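# Tertiary structure, described
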Amino acid sequence: MRRILESRWVVLGGFVVGAVLLFVVAPALLSSFRLGLLGKYLCYAMVAVGIGLAWGRGGMLTMGQGVFFGLGAYMMAMHLKLGDAGPGGVPDFMALISSNGVPAWWEPFRSPAFTLVAIVLLPALVAGLLGLATFRRRIRGAYFAILSQALAAAFAILLIGNPTGTGGSTGLNGFKGFLGFSLNDPVNRRLLFFVAAGALLVMVAVARQLMVSRYGELLVACRDSEERVRILGYDPALVKTFAYVTAAVMASVGGALFVPIVGIVSPNDVGIVPSIGLLIGVAIGGRTTLLGPVLGAIAVAWAGTTLSESIPSGWTYIQGLMFMLVIAFLPGGLASLGSVVGDLRARFDRRRRPPAPATAPRVPVPTGGS
């Protein structure tokens, strides 16, 4: 019991430190531009939390989380464009491309309540149907990864091929307001950063609670020995689908906050390349840990922003190299670096330790016979 209480205090202390860093230190030290970049990285970190839960704990190599990120982003972008157009108005890009007015499937997104509910429910519905359809057929491993990657590619192609409804390859941009607040006001942009930081902390708390619960143990059991879980009377498809749905909702919320923070969303943000980039961040940070995916996603996003400016053609190769090195030498990510160093030090100490002196064999002393 004492160990449980101590672990809870450690976790609570970690959340307090994270809250202080995000809500106090970062706004005090960073400029408005840098704070906006950090807000963008936090949106990626939200997706990474879900990937860590689904891949790290459930063994589902989700290479298509850009789909759910894009669903949340485009739904929020549609609402913002309709809000900028005013009641009954037509978004500016639609007026330039077509004279048919607003499509019928856009109209419900004039409502903020409908948009917020759809951001949560639509990705959950898509992930639930896809998860049940695949896991019921026992599709897993590389086959599931290829399927999710193909879904991301199809989603990006769908967006590009519909310029009148989604803006085509240029996407949606030029947002002026967010739920009644002006995006040109620095105070409101700082408020958006606080919303993103709070959402990330909530997601980490949810992921931690799932990991330490009985469900978390069952999810790990499905990853390690799915057949044994099935023999014990549980349905692995339902267990894995719940984790997949949770990851999809986290990605959708991250995409929805990405739009007002960054000011644009396009197919380049939701296709195969960004999906793999998020996966690389999770692998580098440590997919089986709680904070590893968050820190890895933020680090990779920051490195991409920094290095792509100086070597734009080489960043993709650097990403791939980092991914291969981590998988080959640090399968647990940088979070496992301490244990790896400890193992190497123990081996080195054993080799340096002088061998024990050999003891002479004991010769039996003959006894005199009668």
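Because the structure is a prediction, the values reported are computed rather than measured.

## Some points on the overall build of the protein chain
- Within the protein chain, the secondary structure is distributed over 15 helices and four strands.
- Look at the contacts in the protein chain between residues 6 or more apart in sequence, and 77% of them connect residues 24 or more apart.

## Quick look at unusual backbone geometry
- The backbone of Arg-138 sits at a positive phi, close to 60 degrees, despite the residue not being glycine.
- On the secondary structure map, Arg-138 appears in the loop between helix 5 (112-135) and helix 6 (142-160).
- Taking the relative accessible area as the measure of exposure, Arg-138 reaches 46% and is therefore partly exposed.

## Some details on helix 6
- Over its 19 residues, helix 6 runs 27 Å from end to end, which matches the ideal 27 Å to within 8%, given 1.5 Å per residue.
- Residues Phe-144, Ala-145, Ser-148, Ala-152, Phe-155, Ala-156 and Leu-159 constitute the buried set of helix 6. Around the axis of helix 6, the buried residues are gathered within 115 degrees of arc, so they sit on the same side. Opposite the buried face of helix 6, at more than 90 degrees from it, the exposed residues are Ala-142, Tyr-143, Ile-146, Ile-157 and Leu-158.
- Against helix 3 (66-85), helix 5, helix 7 (163-166), helix 11 (236-262) and helix 12 (272-285) lie the buried residues of helix 6.

## A few points about a nonpolar patch on the surface
- A grouping of Trp-9, Leu-12, Val-16, Val-17, Val-20, Leu-21, Phe-23, Val-24, Val-25, Leu-29 and Leu-30 is seen on the molecular surface, where their side chains present a nonpolar patch of about 1000 Å² in accessible area.
- With respect to the element layout, Leu-30 can be found in the loop between helix 1 (2-29) and helix 2 (32-57).

## Focus: the environment of Pro-108
- Tracing the backbone shows Pro-108 in the loop between helix 4 (92-97) and helix 5.
- Under the relative-accessibility criterion, Pro-108 is labelled partly exposed at 34%.
- Distance in space between the C-alpha atoms of Pro-108 and Met-78 is 9.9 Å, their sequence separation being 30 residues.

## A short note on the packing of aromatic side chains
- Under the defined criterion, the tally for this structure stands at 13 aromatic pairs.
- When the ring of Phe-109 is compared with that of Phe-114, the centres are 5.3 Å apart and the planes differ by 75 degrees; the resulting orientation is edge-to-face.
- Consider the rings of Tyr-215 and Phe-242, whose centres lie 5.2 Å apart with planes at 80 degrees: the pair is edge-to-face. Here Tyr-215, found in helix 9 (residues 214-224), pairs with Phe-242, found in helix 11; they are 27 residues apart in sequence, far enough to count as distant.
- Ring-pair connections join several aromatic residues into one group, and the members of that group are Phe-68, Phe-135, Phe-144 and Tyr-244.

## Observations concerning the side chain of Thr-246
- Assignment of secondary structure puts Thr-246 in helix 11.
- With a relative accessible area of 13%, Thr-246 lands in the buried category.
- Dropping the residues within four chain positions of it, Thr-246 is found in contact with Leu-53 and Leu-210.

## Structural notes on the layout of surface pockets
- As a volume, the largest pocket reaches approximately 580 Å³.
- Taken together, 22 residues make up the lining of the largest pocket; nearest its centre are Gly-18, Leu-21, Leu-22, Leu-291 and Leu-295.
- Elements supplying a minimum of two residues to the lining of the largest pocket: helix 1, helix 2, helix 8 (186-212) and helix 13 (292-310).
- Sorting elements by how many residues they give to the lining of the largest pocket places helix 1 first, with 11 residues.
- Residues of the lining of the largest pocket, tallied by class, amount to 20 nonpolar, two polar and no charged.
- One number sums up the size of the second largest pocket: a volume of about 460 Å³.
- Surrounding the second largest pocket, 19 residues form its lining, Tyr-44, Pro-274, Ala-301, Trp-315 and Gln-319 being those nearest its centre.
- For the lining of the second largest pocket, the per-class residue count stands at 10 nonpolar, seven polar and two charged.

## Considerations on the nonpolar core
- Among the nonpolar cores identified, the biggest contains 94 residues, and Val-49, Trp-106, Leu-172, Leu-200, Tyr-244 and Val-259 are the most heavily contacted of them.
- Take this core: its biggest share by element is 16 residues, from helix 2.
- Aside from chain neighbours lying at most four places away, what touches Val-259 is Ala-73, Met-76, Ala-77, Leu-80, Phe-175, Ile-264 and Val-265.

## Concerning the confidence of the model for the protein chain
- With 87% of its residues at a pLDDT of 70 or more, the protein chain has an overall mean of 85.
- Ranking the elements of the protein chain by mean pLDDT puts helix 15 (residues 337-352) last, at 64, and helix 11 first, at 95.

## With respect to the pattern of salt bridges
- In total, this model carries nine salt bridges according to the counting rule given.
- Note that Arg-230 and Glu-227 form a salt bridge whose closest N and O atoms lie 3.0 Å from each other. Separated by three residues within a single helix, Arg-230 and Glu-227 lie in helix 10 (residues 226-231), roughly one turn from each other.
- Residue Arg-230 is classed as partly exposed on the basis of its relative accessible area, which comes to 23%.
- Taken together, the shared-partner salt bridges in this structure form one network comprising Arg-138, Arg-140, Glu-226, Glu-227, Arg-230 and Lys-240.

## Concerning the packing of helix 9 against helix 11
- Relative to each other, helix 9 and helix 11 sit at 110 degrees, their axes nearing to 10 Å. What the angle tells us is that helix 9 and helix 11 run roughly perpendicular. Helix-helix and strand crossings are classified by hand; for helix 9 and helix 11 the assignment is left-handed. Together, Tyr-215, Leu-218, Leu-219 and Cys-222 of helix 9 and Pro-236, Val-239, Lys-240, Phe-242 and Ala-243 of helix 11 make up the contact between the two elements.
- Tallied by class, the residues present in the contact of helix 9 with helix 11 amount to eight nonpolar, no polar and one charged.

What counts, and where the lines are drawn
- Residues numbered from 1 in each chain as written.
- Predicted model: local features only at pLDDT ≥ 70, side-chain atom pairs only at ≥ 80, totals over all residues.
- Heavy atoms only, no water.
- Helix = DSSP H or I, 4+ residues; strand = E, 2+ residues; numbered from the N terminus.
- Contact = heavy atoms within 4.5 Å.
- Buried < 20%, exposed > 50% of the residue type's maximum accessible area, 1.4 Å probe, protein only.
- Expected span 1.5 Å × (residues − 1).
- Arc of directions from axis to C-beta.
- Patch = residues over 30% accessible without salt bridge, like charges linked within 9 Å, V, L, I, M, F, W, Y side chains within 5 Å.
- Areas by Shrake-Rupley, 256 points an atom, 1.4 Å probe, with all protein chains shown as cover.
- Salt bridge = Lys/Arg side-chain N within 4 Å of Asp/Glu carboxyl O.
- Phe/Tyr/Trp six-rings, centres within 6.5 Å; stacked < 30°, edge-to-face > 60°.
- 1 Å grid on protein atoms, 1.4 Å probe; cavity = no way out; pocket = protein on both sides within 12 Å on 5 of 7 lines; lining within 4 Å.
- Points joined across faces, edges and corners; volume = space filled by probe spheres on them.
- Nonpolar A, V, L, I, M, F, W, Y, C, P; charged D, E, K, R; others polar.
- Core = buried A, V, L, I, M, F, W, Y, C linked by side-chain atoms within 4.5 Å.
- pLDDT = per-residue confidence, 0-100.
- Axes fitted to C-alpha atoms, helices over the stretch in contact; angles between N-to-C directions.
- Parallel < 35°, antiparallel > 145°, perpendicular 65-115°, else oblique.
- Left-handed = near helix turned anticlockwise from the far one by under 90°.

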